[in-house]
Amino acid sequence: MGAAVMTMNAVSFRPRVMPWAGVLEDDTRFKRISQRVLGVVLVFCLALPWIPVSKPERTPEAVPPRLAKLVLEQRETPRPPPPVTQQAAKPDKPEA
């Protein structure tokens, strides 16, 4: 007894084209989408400087004494010694 195997091919309404080949429809869709995105971003960037921003009020906070001591200790690091200047050495005369 043989079993009948039935296969169906997928129906595609698009022409078969290699993935790396350019299709005019895809290119026009890409250009249209990229122009719209660029327009929205451009409008947003041009409007951004005029958006009001409130600056938070900063009040000086009390620094704990241990932290203040640590900061002061880090500031008091020793300075590097001044660079040593070399004096012009006199050329040695070879003895004969």
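Residues numbered from 1 in each chain as written. Predicted model: local features only at pLDDT ≥ 70, side-chain atom pairs only at ≥ 80, totals over all residues. Heavy atoms only, no water.

### A word on the overall build of the chain
Assigned secondary structure in the chain consists of two helices and zero strands. When burial is assessed residue by residue, the chain has 0% of its 96 residues classed as buried. (Helix = DSSP H or I, 4+ residues; strand = E, 2+ residues; numbered from the N terminus. Buried < 20%, exposed > 50% of the residue type's maximum accessible area, 1.4 Å probe, protein only.)

### Regarding a nonpolar patch on the surface
Residues Phe44, Leu48, Ile51 and Val53 make up a contiguous nonpolar surface patch of about 410 Å² in total accessible area. The topology assignment puts Val53 in the loop between helix 1 (24-47) and helix 2 (65-75). The class for Val53 is exposed, based on a relative accessible area of 68%. (Patch = residues over 30% accessible without salt bridge, like charges linked within 9 Å, V, L, I, M, F, W, Y side chains within 5 Å. Areas by Shrake-Rupley, 256 points an atom, 1.4 Å probe, with all protein chains shown as cover. Salt bridge = Lys/Arg side-chain N within 4 Å of Asp/Glu carboxyl O.)

### Structural notes on the pattern of salt bridges
It is possible for side chains of opposite charge to pair when their charged atoms get near one another. A full pass over the atoms with the stated rule returns two salt bridges. The shortest N-O distance in the salt bridge between Arg29 and Glu25 comes to 3.1 Å. Of the two residues, Arg29 and Glu25 both sit in helix 1, four residues apart, roughly one turn of that helix. Since its relative accessible area comes to 48%, Glu25 is described here as partly exposed. Note that Asp26 is salt-bridged to Arg29, the shortest N-O span being 3.3 Å. Taken together, the residues Asp26 and Arg29, both in helix 1 and three residues apart, mark about one turn of the helix. For Asp26, a relative accessible area of 27% corresponds to the partly exposed category. Overall, Arg29 belongs to the partly exposed group, its relative accessible area being 33%.

So, to be careful, I would describe these as geometric facts and stop short of saying anything about function.
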